[in-house]
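Next come the chains, spelled out residue by residue.
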Amino acid sequence: MSSANSITGEVQQQKRFLPSIATMSLGSSTLHPLDVKLKVAAAKGFLGIEMYWDDLVQYSLQFRPKPPSHAAHEAVAVLVAATNVANLAARLGLKILSLQPFRNFDGLTDPGLREKRLDEFRLWLATARRLGADMIGVPSTLPTVSAADYTDNRHAIAADLAKLSRAAKAQGIRVAYENLCFAAHVRDWHQAWDRIELAREPDGLLFLPDTFNICGRTYMDPEAAGGRTPNAEADLRASLARLVDTVPMCRMPLLQVADAELPDEPLTQDHPWRKEAGLVPLMALSRNARLFPFEERGYLPVVSVIQALVGAGWEGWVSMEVFSRTTAVHGEETIWEHAERAWESWEKLARVMGWPARPRIDGSR
């Protein structure tokens, strides 16, 4: 839909904001079938999906030969599964936006392991092409890796991102790098953007914003009684002002949105979410207690983050992306429950932001 400027007479395109959901937000990869997730997402009204690698691998098991099964067989099965899923998505009217997350690559110190992971990435590229996805999500390396295997050198990390970007660009695919607020090294958005700029791949290397991770270092402190840092509001405002002044909105291919549940008690070291898995506080919160925006017990200023980006000119796909202990409940009801929660969240967000809740991919209403 477009409108005419009364002064210049120029036709201005209205910005588009389109609802999508990450497949892992609908349930566990081992408990909940991928094809059912897609059917439910489409039934609720979502127009796009982010494909979680683990979901696709689990779905591919049906296409593998009976034992013995080798790595080559597994790769072929993933590609067959990707074709099958792409056809299903097309029938459902779903666009597959991305394949993610290609984890624990940036900062590798072992050249042999790097080459092995690059071979793995080539399978991801072939899979993305089968899916019809033009983007692969790459999060910053997790804190659970061996410290000896990774470096925090910004130039080394940038070089790794450049390798991925160049390999992807040859296949018509872009790489979207995301800071994880609990990562081993690249924890805040400005660190991620610094490495992206150093990589010097402006056409193929993007920044992937996530409301949870943007809030992570400046607003959240799960070990504190209120879940916040001492100067949370002011620090986040300053961070957002710097973000929109630094990162071009056109370098953000989509926006992942999630809130966080305020824990009943601080996530100190002996909290079950940390003690049993050995996780740092923010990672424990991320893995167990993300919420869709506007849900009860959510405490992050998600709307403020979105308003800052939209006010700076961002538009595009909005992806509901949560990790939660609630997705590990058996049964198809879990898929429907999370799809309903996500859609209600989208409708509330659209209402607050003044967006159409049921837009069309082609931009018409």
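Procedures and definitions
Residues numbered from 1 in each chain as written. Predicted model: local features only at pLDDT ≥ 70, side-chain atom pairs only at ≥ 80, totals over all residues. Heavy atoms only, no water. 1 Å grid on protein atoms, 1.4 Å probe; cavity = no way out; pocket = protein on both sides within 12 Å on 5 of 7 lines; lining within 4 Å. Points joined across faces, edges and corners; volume = space filled by probe spheres on them. Nonpolar A, V, L, I, M, F, W, Y, C, P; charged D, E, K, R; others polar. Helix = DSSP H or I, 4+ residues; strand = E, 2+ residues; numbered from the N terminus. Buried < 20%, exposed > 50% of the residue type's maximum accessible area, 1.4 Å probe, protein only. Pairing = 2+ DSSP bridges. Salt bridge = Lys/Arg side-chain N within 4 Å of Asp/Glu carboxyl O.

By the naming in an unreviewed UniProt entry, the protein goes by Xylose isomerase-like TIM barrel domain-containing protein and is assigned to Metarhizium anisopliae BRIP 53293.

**Here's the deal with empty space enclosed by the protein**
In this approach a probe as big as a water molecule rolls over the atoms, and the regions it shows empty are the leftover space. Evaluation of the coordinates by the stated rule reveals 1 cavity of 30 Å³ or more. The volume enclosed by the largest cavity comes to roughly 120 Å³. Together, 15 residues line the largest cavity, and P101, P139, E178, L180 and F323 are the ones closest to its centre. In terms of residue class, the lining of the largest cavity is built from 6 nonpolar, 3 polar and 6 charged.

**Some points on the side chain of S20**
With respect to the secondary-structure elements, S20 resides in strand β3 (residues 17-22). Take S20: its relative accessible area is 0%, and that puts it in the buried class.

**What about the layout of surface pockets?**
Considering only enclosed or pocket space, the largest pocket measures out at about 250 Å³ in volume. Looking at the lining of the largest pocket, the elements that each hand over two or more residues are β5 (95-100) and β12 (316-320). The biggest single contributor to the lining of the largest pocket is β5, with 3 residues. For the lining of the largest pocket, a count of residues per class yields 8 nonpolar, 1 polar and 5 charged.

**Section: the pairing of strand β9 (residues 254-257)**
By the alternation rule, side chains of β9 split into L254 and Q256 and L255 and V257, which are all buried. As paired strands, β9 and β12 are joined by 4 bridges and run parallel to one another. Pairing of Q256 across the sheet is with S319, part of β12.

**Re the pattern of salt bridges**
Following the criterion strictly, the structure yields 18 salt bridges and no others. Residue D203 is joined to K169 by a salt bridge in which the shortest nitrogen-to-oxygen separation is 3.6 Å. Of this pair, D203 sits in the loop between α6 (189-199) and β8 (205-207) while K169 sits in helix α5 (residues 154-169); the two residues are 34 residues apart in sequence, bridging distant segments of the chain. The exposure class of K169 is partly exposed, given its relative accessible area of 45%. Its salt-bridge partner being R274, residue E223 comes within 3.2 Å of it at the nearest N-O pair. Of this pair, E223 sits in the loop between α7 (211-216) and α8 (232-246) while R274 sits in helix α9 (residues 272-275), and the two are 51 residues apart along the sequence. Looking at E223, the relative accessible area reads 41%, which means it is partly exposed.

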